[in-house]
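Take a look at the letters that make up each chain.
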Amino acid sequence: MHHFHYRKNELYCEDVPISSIAKKVGTPFYVYSYATLKQHFDAFDGAFSDVGHLTCYSMKSNSNKALLALFAGRGGGVDIVSGGELYRALNAGVDPIKIVFSGVGKSLSDLEYAVTSEILMFNVESPQELLKLNQVALNSGRKARISIRVNPDVDPKTHPYISTGLKENKFGIGVEEALLQYEKAATLDGLDVVGVSCHIGSQLTQTSPFVDALRKLKKLIEQLVRMGISICYLDLGGGLGITYDNEAPPHPKEYAQDIKSELASSDWTLILEPGRVIVGNAGILITKVLYAKTSYDKNFFVVDAGMNDLMRPSLYGAYHGIQPVKQTPGEKLTADIVGPICESGDFLAKERLVDPLAPDDLIAVMSAGAYGFSMSSTYNSRPRVCEVMVKGDRFEIIRQRETFEDLVRGESIPDFF
Ligand SMILES: *Cc1c(COP(=O)(O)O)cnc(C)c1O
């Protein structure tokens, strides 16, 4: 469910016509629906309400402060993957005791920042990181709570770029090696072993890979208990998929049910790190048609948003629905929707049946709330677009459009020239 719909052939976000936002802020821009965000967070979090749990929103999917504040206000924590994300989270008012830190390449300064911020838990991804973190904790006179991110070697059956829990993926530590590392960690004075974690991939459309991973983690925990290491947090990562085209992912309720039925009488606190499933369908990208052209019988609509603004189609060949902001009568045609960037990989959609668009028409690129703005760049020296939040009949800019001055901020020409 989301709150983007047509009224009299006009696309609305909740009670605001998209065209009225465009008039105010220009194009392109991302727009998010408050009601959708809230509903998605509550549906996910609520599905686990009968067990001890913490929903740590995976903020790399969309790290705007407004979204973080919204979820924090509903009891959520965050899953971070960098010092920059920790800064954003703290800045948005997220409670440090609800922050978990994942990632294969945490730098020394990231670790120091997170240790002194006293976050809930580090998901450690290598033996060397374990030692480095121990040292950082000892130096600051604190104990760092850790889990080891285990690579359970299960196939999430998703795009290879977003599968993370297979043997050949760079993430986590294999099950056998993890046991040795837990044994080691238990002897390190700077560390407090509290959890086991995994994250097997993204955009999963079945629950069975999650269940397979959970079973492997349970076995590991049994072995740890025998070694005298007790675990209180079980972090299952994120990865639940959404509908972009005709995928039929399980509802969070179904996902939660399948997980909870594996946990019968345990007293672990579950940690969940959903990203896409919360924000993916709560945001869209609005772009304006610049030119319509036909080249060798192929139709192109050149629009003012490109791969720098929404990278997923170029990066993964990902599908995003294309909808007109004003539905126009007339025969539809098959066309590619392409951006202004000087790369042939710069497209938002290929071979789509769309309304007969004309210059200045607005189109919506659907399901762009996750890994949209957060993956955007200034490639081709294009200022990053603005982000807008709609609630009911109101809207507000939650990130200003960047300016040309922003593009050169911090750059200088050396004196020795
Ligand atoms: C990216 C990521 C997530 C979120 O994945 P989604 O598919 O967006 O739910 C959760 N945990 C970790 C460690 C991640 O890297």
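Each value, and the rule that gives it
Residues numbered from 1 in each chain as written. Predicted model: local features only at pLDDT ≥ 70, side-chain atom pairs only at ≥ 80, totals over all residues. Heavy atoms only, no water. Helix = DSSP H or I, 4+ residues; strand = E, 2+ residues; numbered from the N terminus. Polar contact = N/O pair within 3.5 Å; in protein donor to acceptor, adjacent residues only side chain to side chain. Phe/Tyr/Trp six-rings, centres within 6.5 Å; stacked < 30°, edge-to-face > 60°. Buried < 20%, exposed > 50% of the residue type's maximum accessible area, 1.4 Å probe, protein only. Axes fitted to C-alpha atoms, helices over the stretch in contact; angles between N-to-C directions. Parallel < 35°, antiparallel > 145°, perpendicular 65-115°, else oblique. Left-handed = near helix turned anticlockwise from the far one by under 90°. Contact = heavy atoms within 4.5 Å. Nonpolar A, V, L, I, M, F, W, Y, C, P; charged D, E, K, R; others polar. 1 Å grid on protein atoms, 1.4 Å probe; cavity = no way out; pocket = protein on both sides within 12 Å on 5 of 7 lines; lining within 4 Å. Points joined across faces, edges and corners; volume = space filled by probe spheres on them. Pairing = 2+ DSSP bridges. Salt bridge = Lys/Arg side-chain N within 4 Å of Asp/Glu carboxyl O. Right-handed = clockwise from strand over helix to strand, strands pointing away. Domains from an automatic or database assignment. Buried area = accessible area lost by both parts, 1.4 Å probe. Arc of directions from axis to C-beta.

## Some remarks on the side chain of His-320
Position of His-320 relative to the elements: it lies in the loop between helix 11 (312-316) and strand 16 (322-324). Within polar-contact distance, the side chain of His-320 engages the backbone oxygen of Ser-367 at 3.3 Å.

## Quick word on the packing of aromatic side chains
Evaluated as defined, the whole model comprises 10 aromatic pairs. Judged by centre distance (6.1 Å) and plane angle (85°), the rings of Tyr-30 and Phe-373 are edge-to-face. Note that Tyr-30 is positioned in strand 4 (residues 29-33) and Phe-373 in the loop between strand 19 (362-365) and strand 20 (386-391), a separation of 343 residues in sequence. Classification of Tyr-30 by relative accessible area gives buried; the value is 0%.

## A look at the packing of helix 2 (residues 34-46) against helix 3 (residues 65-72)
Where helix 2 contacts helix 3, the axes come no closer than 10 Å and their chain directions differ by 45°. As far as their axial angle goes, helix 3 and helix 2 are oblique. For the pair helix 2 and helix 3, the crossing hand works out as right-handed. Counted together, Tyr-34, Leu-37, Lys-38 and Phe-41 of helix 2 and Leu-67, Leu-70 and Phe-71 of helix 3 form the full contact between these two elements. Partitioned by chemical class, the residues of the contact of helix 2 with helix 3 number six nonpolar, no polar and one charged.

## Overview of the layout of surface pockets
Quantified by volume, the largest pocket comes out at close to 490 Å³. Along its surface, the largest pocket is lined by 27 residues, and Lys-60, Val-81, Thr-164, Phe-171 and His-199 are the ones closest to its centre. Here the lining of the largest pocket is composed, by residue class, of nine nonpolar, 10 polar and eight charged.

## Side note on helix 7 (residues 175-185)
Among the residues making up helix 7, those that are buried are Ala-178, Leu-179, Gln-181, Tyr-182 and Ala-185. The inward-facing, buried residues of helix 7 abut helix 6 (127-140), strand 9 (144-151), strand 10 (173-174), strand 11 (191-197) and helix 8 (208-226).

## Here we look at the sheet that holds strand 3 (residues 16-17)
Spatially, the three strands line up as an open sheet ordered 1-2-3, and their pairing is antiparallel. The two strands at the open ends of the sheet, each matched to only one other strand, are strand 1 (4-7) and strand 3. Relative to strand 2 (residues 10-13), strand 1 is paired through four bridges, and the arrangement is antiparallel. The residue bridging His-5 from the neighbouring strand is Tyr-12, located in strand 2.

## Here's the deal with the environment of Phe-29
Relative to the helices and strands, Phe-29 resides in strand 4. Here the alpha-carbon distance between Phe-29 and Ser-107, two residues 78 residues apart in the chain, equals 33 Å.

## Some points on the pattern of salt bridges
If you walk through the whole model with that rule in mind, you get 17 salt bridges. Salt-bridge contacts for Lys-298 lead to Asp-336; the nearest nitrogen and oxygen are separated by 3.2 Å. Residue Lys-298 is found in strand 15 (residues 298-303), and its partner Asp-336 is found in strand 17 (residues 333-338); the two are separated by 38 residues along the sequence. By relative accessible area, Lys-298 is classed as partly exposed at 29%.

## Here we look at the pairing of strand 13 (residues 269-272)
Pairing of strand 5 (residues 53-58) with strand 13, which is carried by three bridges, proceeds in the parallel orientation. When the bridges of strand 13 are listed, Leu-54 appears paired with Ile-271. The parallel pair strand 12 (residues 233-235) and strand 13 is bridged by helix 9 (residues 252-260), and the resulting crossover is right-handed.

## What about the domain arrangement of the chain?
By the assigned domains, the chain splits into domain 1 (4-32 + 280-408) and domain 2 (34-277). Of note, the centres of domain 1 and domain 2, computed from C-alpha atoms alone, are 32 Å apart. Residue-level contacts link 23 residues of domain 1 with 21 residues of domain 2. With both chains or domains summed, domain 1 and domain 2 bury close to 2,000 Å², and 56% of this area falls on carbon and sulfur atoms.

## Comments concerning the pairing of strand 19
Going residue by residue along strand 19, you find Leu-362 and Ala-364 tucked away on one face and Ile-363 and Val-365 tucked away on the opposite face as well. In the sheet, strand 14 (residues 283-295) pairs with strand 19 via four bridges, with the strands oriented antiparallel. Residue pairing across strands places Leu-285 opposite Val-365, the latter belonging to strand 19. Sheet analysis places strand 16 next to strand 19, joined by three bridges and oriented antiparallel. Residue pairing for strand 19: Gln-323 is matched across the bridge by Ala-364.

## With respect to the packing of helix 7 against helix 8
In helix packing, the relevant descriptors are the interaxial angle and the interaxial distance, both defined with respect to the helix axes. Contact geometry for helix 7 and helix 8: axes closest at 11 Å, N-to-C directions at 30°. Classified by the interaxial angle, the pair formed by helix 7 and helix 8 is roughly parallel. At the point where helix 7 passes helix 8, the crossing takes the right-handed sense. Where helix 7 abuts helix 8, its residues Val-175, Leu-179 and Tyr-182 lie against Leu-220, Gln-223 and Leu-224. Counted by class, the contact of helix 7 with helix 8 contains five nonpolar, one polar and no charged residues.

## Focus: helix 9
Within the span of helix 9, buried status applies to Pro-252, Tyr-255, Ala-256, Ile-259 and Lys-260. All buried residues of helix 9 lie within an arc of 125° about the axis, which places them on one face of the element. Those residues of helix 9 that are buried lie in contact with helix 2, helix 8 and strand 13.

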